[in-house]
Amino acid sequence: MSNNSGDRRSRLYRKPHCVAAAVRRIHGVVADNLDNSSAVAIKRVQELAGEFGKNSFRQVDLRDRSALEKFFSEIKFDAVIHFAGLKAVVMASHGCKNLVFSSSATVYGWPKEVPCTEETPLAAVNPYGRTKLFIEEICRGVHRSDPEWKIILLRYFNPVGAHPSGHIGEDPRGIPNNLMPFVQQVAVGRRPALTVFGNDYSTKDGTGVRDYIHVVDLADGHIAALRKLSDPNSTAVIGCEVYNLGTGKGTSVLEMVTAFEKASGKKIPIVAGRRPGDAESCMLQKGGAGIELEGKYGIEEMCRDQWNWASKNPYGYGSPESN
Ligand code: UDP
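Residues numbered from 1 in each chain as written. Predicted model: local features only at pLDDT ≥ 70, side-chain atom pairs only at ≥ 80, totals over all residues. Heavy atoms only, no water.

Enquirer: So what's going on with the UniProt feature "domain: NAD-dependent epimerase/dehydratase" (unreviewed entry) in the protein chain? Residues and values would help.
Expert: Annotation from UniProt places "domain: NAD-dependent epimerase/dehydratase" (unreviewed entry) at residues 90-233. In this annotation, residues 90-233 is assigned 33% helix and 18% strand; the end-to-end C-alpha distance for the span is 28 Å. (UniProt positions renumbered as here; feature names shortened; annotations may be inferred. Helix = DSSP H or I, 4+ residues; strand = E, 2+ residues; numbered from the N terminus.)

Structure, rendered in structure tokens:
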């Protein structure tokens, strides 16, 4: 929910996990221009997918119409998971009208009431949230103008953790804006202390509360959404629908830090600070519209896998020199 969340984070972190699930489980093929992503991450995703990883990546720029035409004519797609900020105008002309769009709980702004349901009023309070709102609106318009389109908008809460293999995980460049990447950099000795933003909120221990979801569960949510779109036995009429993706459990900053210390055996020194525009609490209402998603992992596993990734890759996909 922060003012500083950026789509870059989703491209380098959430995307590889979702792509790893899609390549391995439903034989997806990735198109990326590698502008803002890591070729190392793609290679590791391919390794994780084994046999299905072969030939699963094309370097394509969504703005290159003819390259995109070629991509769509070479492979027959049933559906697209859209992570980029650009609209794939080519899809309809190739008869592919199933779309999963990655939105964000940021579209709820600073919710007056928590937990949030899909009906919570939308009030993006930062530019990132506004881009998500606009694209959601574009998706609704696409469906209104051609009801053959089936679209699922997934509103992510706070993805953390990493692939249990430790091969892919979060690797922000520069000073991390988000909690867990910062904590992991303190744990590996790259930063001296975590600044805890706010200790006087009306929450269980005064620190901010969020709905953290293991990034692997988040990736599973995408596969569930795709299955929902293309299930021939489904009687449900899918138009343009919204689903929150979280766990319904609220965890404070201090609880998260304690869980990480336990998982890593490392002490995380903290200092007090404040981030302007921070939301006090944000979590989803369990039993809302929901996607058929059995969240497998709790906070303990999120911290375990975050640490597994960080300890194996203290400098992410780079090296001490590249940081
Ligand atoms: N947070 C913090 N120190 C940091 C980064 C985040 O105390 O260096 C807190 C923040 O105030 C919020 C929680 O951790 O309560 C999650 O913040 P994050 O930026 O990861 O997610 P968002 O606020 O965008 O939901």
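Additional details are given in the paragraphs that follow.
Enquirer: Lay out helix α8 (residues 253-264) with the relevant residues and their values.
Expert: Helix length check: α8 (12 residues) gives 16 Å between terminal C-alpha atoms against 16 Å at 1.5 Å per residue, within 8%. Of all the residues in α8, the buried ones are V253, M256, V257, A259, F260, E261 and S264. Of the surrounding elements, those touching the buried residues of α8 are β6 (158-160), α6 (179-187), β7 (194-197), β9 (212-214), β11 (251-252) and α9 (299-312). At the exit of α8 stands G265, carrying a positive phi of roughly 70°. (Expected span 1.5 Å × (residues − 1). Buried < 20%, exposed > 50% of the residue type's maximum accessible area, 1.4 Å probe, protein only. Contact = heavy atoms within 4.5 Å.)

Enquirer: Describe the side chain of H214, listing the residues and the values that go with them.
Expert: Mapped onto the elements, H214 comes out in strand β9. Classification of H214 by relative accessible area gives buried; the value is 0%. At 3.0 Å, the side chain of H214 forms a polar contact with the backbone nitrogen of V216. When neighbours within four sequence positions are excluded, H214 is seen to be in contact with V160, G161, A162, Y297, E301, M302 and D305. (Polar contact = N/O pair within 3.5 Å; in protein donor to acceptor, adjacent residues only side chain to side chain.)

Enquirer: I'd love a proper account of α6, names of residues and values included.
Expert: Counting buried positions along α6 gives nine out of nine residues, so the element sits mostly inside the fold. Turning to α6, its buried residues number three or more, namely L179, M180, P181, F182, V183, Q184, Q185, V186 and A187. One or two positions beyond α6, positive phi appears at G189, with a value near 85°.

Enquirer: If you had to explain the packing of aromatic side chains to someone new, which residues and values would you point to?
Expert: Within a pair of aromatic rings, the relevant descriptors are the distance that separates the centres and the angle that separates the planes. Enumeration according to the criterion identifies six aromatic pairs in this entry. Centre to centre, the rings of F71 and F72 are 6.0 Å apart; their planes meet at 90°, and the pair counts as edge-to-face. Between F260 and W307, the aromatic rings sit 6.0 Å apart at their centres with planes inclined by 90°, giving edge-to-face as the arrangement. Placement of the pair is F260 in helix α8 and W307 in helix α9, with a sequence separation of 47 residues. By relative accessible area, W307 is classed as buried at 16%. Connected via pairs of aromatic rings, a cluster forms that spans F71, F72 and F77. We note R274 situated over the ring of Y201; from NZ or CZ to the ring centre the distance is 5.1 Å. (Phe/Tyr/Trp six-rings, centres within 6.5 Å; stacked < 30°, edge-to-face > 60°. Lys NZ or Arg CZ within 6 Å of the ring centre and 35° of its normal.)

Enquirer: Could you give me a rundown of the sheet that holds strand β4 (residues 98-104), with the residues and numbers involved?
Expert: Here four strands make up an open sheet; going across it, the order is β3-β4-β5-β10 and the pairing parallel. Among the strands making up the open sheet, the edge pair consists of β3 (80-82) and β10 (240-245). Averaged over all pairs of adjacent strands, the angle between their axes in this sheet comes to 20°, without regard to strand direction. Strand direction decides the pairing type here: β3 and β4, joined by three bridges, are parallel. Bridged to I81 within β4 is V100. Its contacts with the sheet place helix α5 (residues 127-145) against β4, β5 (150-156) and β10, and it is angled at close to 155° to β4. (Pairing = 2+ DSSP bridges. Axes fitted to C-alpha atoms, helices over the stretch in contact; angles between N-to-C directions.)

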